[in-house]
Amino acid sequence: MVDRRQVLLALAFLCSSSGWLFAAFDVRYVLRSLTGHIAYVGFALKKRTYALDLAKDVCEERAQVFLGRQDVVYHSSVKTHDVDLFKHLSNSKYLKEGDFARFKLVNVCGLWEASYNLGIPIVVAQSTIRHRKELPMFKPFKIVSRVVGYDEVSVFVEHRFVSKSAKTKQEDLNALLFVRMQLTNKGKMQRIFEYLGIENMMPATSSPPNDVLAWNYATTMANDRIKRGYSGKDDGGGGSALSAASPYLRKPNSSDSSAEKKDGGNGGTAVRVSSKL
């Protein structure tokens, strides 16, 4: 006969240990990462085992993703533990959902497999997000990920948070997230391409759009300014960083005056990204 007291004690211990586990670790994040990893890796192994004759098609698909010609879509929804006091998706959760979407992207294009087997992990070096429209609780949405460019050591990724409007039944852009991933251990993208067998399909570099390049330069200038400040060499105005970036920037000419007037003329001296980028 089962002792009711022992059962209650066992349940109490289980609840207590579960509470401590959830308090000490982000269990939901770990579980979603593990399940996603198992699903994507299992799908890749199945595809490789039963479709070896489609190896050329797989290489072409990976190349299309790296060249930004194929999007990778990740579906999700706003859960109760994702919202803040305003009952919409918390600002920090956008970056976490971007992690899952990016994890699917690097598995589809083979970047995860290549970086892991070559011993050159790829990490997030910088990110920025533009919030446009809230995602309320229980709202389903999707993240459309696209590679918008790469250089010798970095990959630039665009994540678009998209949901369907209840009024118009059309898709709304809720947020736009840009991420720069960078190879570590002196890794090069050319080694990644060679491992994946797509080196002949890929140019040495693929320049991202001007707005992404301007963002990358802005964060680089901010990083240089902070370094000079900590070392006691800050000039107070970021002059050297701006001088370093000057070959990539140009001031508007007379043809731009109409655009400046249209903006109200209160933005000061405009600086635009040069075509050299």
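The structure this text deals with has already been given above.
First, a word on scope: everything that follows refers to the structure included in this document. Throughout, a residue's number is its position along its own chain's written sequence, starting from 1. Local features in this predicted model are restricted to residues of pLDDT 70 or higher, and side-chain atom pairs are both shown and tallied only at a pLDDT of 80 or more, whereas totals for entire chains, interfaces and linings draw on every residue. Each side-chain value is derived from all of the structure's non-hydrogen atoms; neither hydrogens nor water enter the calculation.

1. Some points on the overall build of the protein
Next up, step 1: Secondary structure elements are taken from DSSP: a helix is a run of H or I of four residues or more, a strand is a run of E of two residues or more, and numbering for both begins at the N terminus. A count of helical and extended segments in the protein gives nine helices and seven strands.
Next up, step 2: Only protein chains enter the accessibility calculation, which uses a 1.4 Å probe; a residue is then buried when its area is under 20% of its type maximum, exposed when over 50%, and partly exposed in between. In the protein, which comprises 277 residues, the proportion classed as buried is 31%.
Next up, step 3: Contacts spanning at least 24 positions in sequence make up 70% of the contacts within the protein whose residues lie at least 6 apart. Contacts are assigned to residue pairs with any non-hydrogen atoms lying within 4.5 Å of each other.

2. Some details on the packing of aromatic side chains
Next up, step 1: Only rings of Phe, Tyr and Trp enter the pairing, Trp through its six-membered ring, and a pair is recorded when the two centres are within 6.5 Å. The plane angle decides the type: under 30 degrees is stacked, over 60 is edge-to-face, the rest tilted. Taken as a whole, this structure holds seven aromatic pairs when the rule is applied.
Next up, step 2: Here F103 and W112 contribute two aromatic rings whose centre-to-centre distance is 5.3 Å and whose plane-to-plane angle is 65°, an arrangement assigned as edge-to-face.
Next up, step 3: With relative accessibility at 34%, the residue W112 sits in the partly exposed group.
Next up, step 4: Aromatic side chains Y150 and F193 sit 5.4 Å apart centroid to centroid with 75° between the ring planes, which places their arrangement in the edge-to-face category. Taken as a pair, Y150 in strand 3 (residues 140-150) and F193 in helix 6 (residues 189-196) lie far apart in primary sequence, 43 residues in all.
Next up, step 5: Judged by its relative accessible area of 1%, Y150 is buried.
Next up, step 6: Its relative accessible area of 1% is what places F193 among the buried residues.
Next up, step 7: Each member of the aromatic cluster is reached from another via a ring pair, and the members are F66, Y150 and F193.

3. Things to note about unusual backbone geometry
Next up, step 1: A positive phi is found at K87, a non-glycine position, where the angle reads about 60°.
Next up, step 2: Among the structural elements, K87 can be located in the loop between strand 1 (72-77) and helix 4 (91-108).
Next up, step 3: A relative accessible area of 59% means that K87 is categorised as exposed.
Next up, step 4: Within the chain, N185 stands out as a residue other than glycine whose phi angle is a positive 55°.
Next up, step 5: Relative to the helices and strands, N185 is located in the loop between strand 5 (171-183) and helix 6.
Next up, step 6: We classify N185 as exposed; its relative accessible area is 55%.

4. What about the side chain of S165?
Next up, step 1: Among the structural elements, S165 can be located in the loop between strand 4 (154-164) and strand 5.
Next up, step 2: With relative accessibility at 11%, the residue S165 sits in the buried group.
Next up, step 3: By the criterion applied in these results, polar contacts are pairs of N or O atoms within 3.5 Å in which, for protein atoms, one can donate a hydrogen and the other can accept it, and in which residues neighboring in sequence qualify only through two side-chain atoms. From its side chain, S165 meets the backbone nitrogen of K167 in a polar contact 3.3 Å long.
Next up, step 4: Not counting residues within four places of it along the chain, the set of residues in contact with S165 comprises Q170 and D172.

5. Quick notes on the environment of L177
Next up, step 1: Following the sequence through the fold, L177 ends up in strand 5.
Next up, step 2: For L177, a relative accessible area of 0% translates into the label buried.
Next up, step 3: Distance from L177 to H131, taken between C-alpha atoms, is 8.6 Å for residues 46 residues apart in sequence.
Next up, step 4: Excluding anything up to four places from it in sequence, L177 contacts Y94, L95, G98, S127, T128, I129, V157, E158, H159 and F161.

6. With respect to the pairing of strand 5
Next up, step 1: Criterion used throughout: strands pair if DSSP finds at least two bridges between them. Here strand 2 (residues 122-131) pairs with strand 5 via nine bridges, running antiparallel. In the sheet register, H131 faces strand 5, and the bridge partner there is A175.
Next up, step 2: Relative to strand 5, strand 4 runs antiparallel, the two sharing eleven bridges. The partner of V157 across the bridge, within strand 5, is V179.
Next up, step 3: Hairpin connection of strand 4 to strand 5: six residues between the antiparallel strands, including K169 at a positive phi of 65°.

7. What about the pattern of salt bridges?
Next up, step 1: We count a salt bridge whenever a side-chain nitrogen from Lys or Arg sits within 4 Å of a carboxyl oxygen from Asp or Glu. Counted by the stated rule, this structure contains eight salt bridges.
Next up, step 2: The salt bridge partner of D71 is R146, with a shortest N-O separation of 2.7 Å. Taken together, the residues D71 in the loop between helix 3 (55-66) and strand 1 and R146 in strand 3 connect sequence positions 75 residues apart.
Next up, step 3: The partner of E171 in a salt bridge is K142, with the nearest N and O atoms 2.8 Å apart. With E171 in strand 5 and K142 in strand 3, this pair connects stretches of sequence that are 29 residues apart.

8. Topic: the nonpolar core
Next up, step 1: Counting residues in each nonpolar core, the largest one holds 37 residues, and the members touching the most others are F66, L111, V155, M181 and I192.
Next up, step 2: Mapped onto this core, the elements with two or more residues apiece are helix 3, strand 1, helix 4, helix 5 (111-118), strand 3, strand 4, strand 5 and helix 6.
Next up, step 3: If we ignore the near neighbours within four places in the chain, the residues touching I192 are L111, A114, S115, L118, I120 and L183.
Next up, step 4: Counting residues in hydrophobic clusters, the runner-up holds five residues, among them F156, F178, V212 and W215. Only buried Ala, Val, Leu, Ile, Met, Phe, Trp, Tyr and Cys residues count toward a nonpolar core, and they belong to the same one when joined by side-chain atoms within 4.5 Å.

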